[in-house]
Amino acid sequence: MQKLKKQLDESNRKHERQKLNKEKEALQVTTEFLTVRLNSVNDILALQEEKRVEKTRSDPLLKAGPKGTRVLRRWREKVFMLLVELHSKDIELRGEKDNCTISSLEQEVKEKYQSSVFQHSLQDRTAALDLERVAWEA
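No experiment lies behind these values; they were computed from the predicted model shown.

### Regarding the overall build of the chain
Per the secondary structure count, the chain includes 2 helices and 0 strands. Against the 2.2 N^0.38 benchmark of 14 Å for 138 residues, the chain shows a C-alpha radius of gyration of 32 Å, more extended than a compact globule. With the C-alpha coordinates aligned to their principal axes, the bounding extent of the chain is approximately 115 × 20 × 15 Å. Looking at the 138 residues of the chain, the share that counts as buried comes to 7%. Pairs at least 24 apart in sequence give 79% of the contacts found in the chain among residues at least 6 apart. Carbon and sulfur atoms provide 58% of the accessible area of the chain, an area that totals close to 12100 Å². Here the chain contributes 28 positive and 24 negative side-chain charges, whose respective centroids are spaced 8 Å apart.

### Focus: the pattern of salt bridges
Using the criterion set out here, one finds 6 salt bridges in the structure. The residue glutamate 77 makes a salt bridge to arginine 74 at a minimum N-O spacing of 4.0 Å. Taken together, the positions of glutamate 77 and arginine 74, both in helix H2 (residues 66-137) and 3 residues apart, correspond to about one turn of that helix. Among the residues examined, glutamate 77 registers a relative accessible area of 37% and is labelled partly exposed. On the basis of relative accessible area, arginine 74 is assigned to the exposed category, the value being 56%.

### What to know about a nonpolar patch on the surface
Taken together, Trp75, Val79, Leu83 and Leu86 make up a surface patch of nonpolar side chains, about 400 Å² in accessible area. Note on placement: leucine 83 falls in helix H2. Since its relative accessible area comes to 41%, leucine 83 is described here as partly exposed.

### Structural notes on the layout of surface pockets
Take a probe with the size of a water molecule and roll it over the atoms, and the empty space left behind shows itself. Here the largest pocket defines a volume of roughly 310 Å³. For the largest pocket, the full set of lining residues is Leu34, Thr35, Arg37, Leu38, Val41, Phe80, Leu83, Val84, His87, Ser88 and Ile91. Counting residues per element, the ones that place at least two in the lining of the largest pocket are helix H1 (2-58) and H2. At 6 residues, H2 tops the list of elements feeding residues into the lining of the largest pocket. Residues belonging to the lining of the largest pocket are distributed by class as follows: 7 nonpolar, 3 polar and 1 charged. Of the pockets and cavities examined, the second largest pocket occupies roughly 160 Å³. Lining the second largest pocket are Asp9, Asn12, Arg13, Glu16, Leu20, Glu106, Val109, Lys110 and Tyr113. Those elements that provide at least two residues to the lining of the second largest pocket are H1 and H2. Of all the elements, H1 adds the most residues to the lining of the second largest pocket, at 5 residues. Broken down by class, the residue content of the lining of the second largest pocket amounts to 3 nonpolar, 1 polar and 5 charged.

### Comments concerning the environment of leucine 38
Looking at the element boundaries, leucine 38 is found in helix H1. In this structure, the C-alpha to C-alpha distance between leucine 38 and phenylalanine 80, residues 42 residues apart in sequence, is 10.0 Å.

### Here we look at the environment of threonine 101
For threonine 101, the location among the structural elements is in helix H2. Taking C-alpha positions, threonine 101 is 57 Å from serine 58, a pair spaced 43 residues apart along the chain.

Criteria and thresholds
Residues numbered from 1 in each chain as written. Predicted model: local features only at pLDDT ≥ 70, side-chain atom pairs only at ≥ 80, totals over all residues. Heavy atoms only, no water. Helix = DSSP H or I, 4+ residues; strand = E, 2+ residues; numbered from the N terminus. Rg over C-alpha atoms; globule rule 2.2 N^0.38 Å. Buried < 20%, exposed > 50% of the residue type's maximum accessible area, 1.4 Å probe, protein only. Contact = heavy atoms within 4.5 Å. Areas by Shrake-Rupley, 256 points an atom, 1.4 Å probe, with all protein chains shown as cover. Lys, Arg positive; Asp, Glu negative; His and termini not counted. Charge placed at Lys NZ, Arg CZ, Asp CG, Glu CD. Salt bridge = Lys/Arg side-chain N within 4 Å of Asp/Glu carboxyl O. Patch = residues over 30% accessible without salt bridge, like charges linked within 9 Å, V, L, I, M, F, W, Y side chains within 5 Å. 1 Å grid on protein atoms, 1.4 Å probe; cavity = no way out; pocket = protein on both sides within 12 Å on 5 of 7 lines; lining within 4 Å. Points joined across faces, edges and corners; volume = space filled by probe spheres on them. Nonpolar A, V, L, I, M, F, W, Y, C, P; charged D, E, K, R; others polar.

Here's what the structure looks like:
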């Protein structure tokens, strides 16, 4: 019976490990994609800023103030930081959701294991009572 418990427990752990490894791989792929997107957005912003600077140099109305360019640059930096923070929070919330899922799966495995132990214990006691009944009748 102990051997059966160990095999069941080992099988459950192996299954959970495989499931967690798949989730880990999916999260790594997502991280790579988000990194690529972030780098792309950085490149786009750099190109836009270059165009804006060229426009500022050629536009007589905007030539009057490098202060305007600095304000624009600061504004873009703040917007970018807020977008990164928003995406970070989104990733963090997805991670918490995954942790909740993992916790519920772990709880489910424990409950199934306990149920199996109780089932085997009940079968063992039933068999013992049957033996006592047979011995009593004999």
